[in-house]
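# A look at the structure
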Amino acid sequence: MSFFQDMFAVFKKRELLFIENRKESEDVYSFLFEREKDLTWKAGQYGLFSITHKTIKNPTKPFSLASAPTENMVKITTCIRDNPSDFKKALLELKPGMKVKMSGPIGSFNLQDNSPSLLIAGGIGITPFRSILKQIEAEGNKDEKQRKLLYLDGKKSYIYKNELDEIANNTSLSVTYLESRDDLHQEIEKFNALYKNNGKYFIAGPKSMVDSISTYLQNNHISKRNIKKDAFFGY
Ligand SMILES: Cc1cc2nc3c(=O)[nH]c(=O)nc-3n(C[C@H](O)[C@H](O)[C@H](O)COP(=O)(O)OP(=O)(O)OC[C@H]3O[C@@H](n4cnc5c(N)ncnc54)[C@H](O)[C@@H]3O)c2cc1C
């Protein structure tokens, strides 16, 4: 997706009808919205979501579209802890039939080619990968493409785990659940030993985590151009 396509998409605002929220774990919620027929996106992209039912200070925030383009709803998933921001309080107030605005989709966090790919999710950073994996499953990927998801979650909540396990069963993709940075580094080293700079590395999650994993990869001789990042600020 080019810069100009993103610019154009940002100006395209639409209203989304809220369906329901779902509690995924102690402090993680998904919000589901109706999907209009003409709305489409590339797995891994995000939208800019705006609260419209009340006036709040920062009414617009980016969220990855956690649903795949092949699913018939728009889903976002986020952490809501004690003392949430006004934006997240407003999300929790949504009742079926109420609306939010979304502009986009935008972003280029997509699998583009058939290179061996290591997908690294830190906690809530699993959201764009859910979309990417669901899409791979829907496209019937049964070939031997080397794609591996490493899912690091110190709290071991592993949201979407059942769905991810099902996708791993139905495709050639593998999923490894990890608890610590050391375990993550070991898994990265295994992949790195096999593919080095023939592989692509995708990292999503809180910005500090994404930056430190990216630095780790570069210190291990992975070129910057083989690393794609989706850094969530606000964590
Ligand atoms: C490309 C992209 C994709 C993203 N995708 C996702 C995603 O899929 N899921 C996701 O969760 N995030 C995602 N983010 C990050 C998201 O946009 C938010 O920045 C993030 O969720 C934090 O939101 P917040 O409202 O808690 O943040 P902030 O407003 O920055 O608040 C941070 C913290 O400050 C405190 N705080 C703020 N306001 C108040 C208040 N009024 N009263 C009390 N305490 C307060 C709270 O403790 C709060 O948790 C993405 C970001 C980018 C750039």
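Residues numbered from 1 in each chain as written. Predicted model: local features only at pLDDT ≥ 70, side-chain atom pairs only at ≥ 80, totals over all residues. Heavy atoms only, no water.

## Points about the sheet that holds strand β4 (residues 60-64)
A sheet is described by the order of its strands in space; here 6 strands give the open sequence β4-β3-β6-β1-β2-β5, paired in antiparallel fashion. Two strands bound the open sheet, and with one partner strand each, they are β4 and β5 (73-79). The average angle at which neighbouring strand axes cross in this sheet is 40°, direction not considered. Of the pairings in the sheet, the one linking strand β1 (residues 13-25) to strand β2 (residues 28-34) comprises 6 bridges and is antiparallel in character. Directly across from F18, in β2, lies its bridge partner F33. Each of β3 (46-51) and β6 (99-106) is contacted by helix α1 (residues 3-10), which is oriented at about 165° to β6, the strand it contacts most. (Pairing = 2+ DSSP bridges. Helix = DSSP H or I, 4+ residues; strand = E, 2+ residues; numbered from the N terminus. Axes fitted to C-alpha atoms, helices over the stretch in contact; angles between N-to-C directions. Contact = heavy atoms within 4.5 Å.)

## Structural notes on the nonpolar core
Among the nonpolar cores identified, the biggest contains 25 residues, and I126, F129, L133, L149 and L164 are the most heavily contacted of them. Tallying contributions element by element places helix α3 (residues 126-138) first for this core, with 5 residues. Here this core spans two domains, since at least three of its residues come from each of domain 1 (3-106) and domain 2 (117-232). Beyond its immediate sequence surroundings of up to four residues, L149 is in contact with L119, A121, I126, F129, L133, L164, L173, S174, V175 and T176. One finds F18, F33, V74 and A90 within the second-largest nonpolar core, a separate group that totals 21 residues. (Core = buried A, V, L, I, M, F, W, Y, C linked by side-chain atoms within 4.5 Å. Buried < 20%, exposed > 50% of the residue type's maximum accessible area, 1.4 Å probe, protein only. Domains from an automatic or database assignment.)

## So, the domain arrangement of the protein
Split by domain assignment, the protein resolves into domain 1 (3-106) and domain 2 (117-232). Taking the mean C-alpha position of each, domain 1 and domain 2 sit 23 Å from one another. In this complex, domain 1 contributes 21 residues to the contact, which on the side of domain 2 involves 15 residues. Overall, the association of domain 1 and domain 2 removes approximately 1,300 Å² of surface from exposure, summing both partners, and the carbon and sulfur fraction of that is 55%. It is S64, A66 and T77 that lose the most area in domain 1 upon contact with domain 2, and together they represent 29% of the buried surface on that side. (Buried area = accessible area lost by both parts, 1.4 Å probe.)

## So, the pairing of β1
One ladder, built from 5 bridges, connects β1 with β6; its direction is antiparallel. Directly across from L17, in β6, lies its bridge partner K99. If you look at the hairpin formed by β1 and β2, you'll find 2 residues sitting between the two strands.

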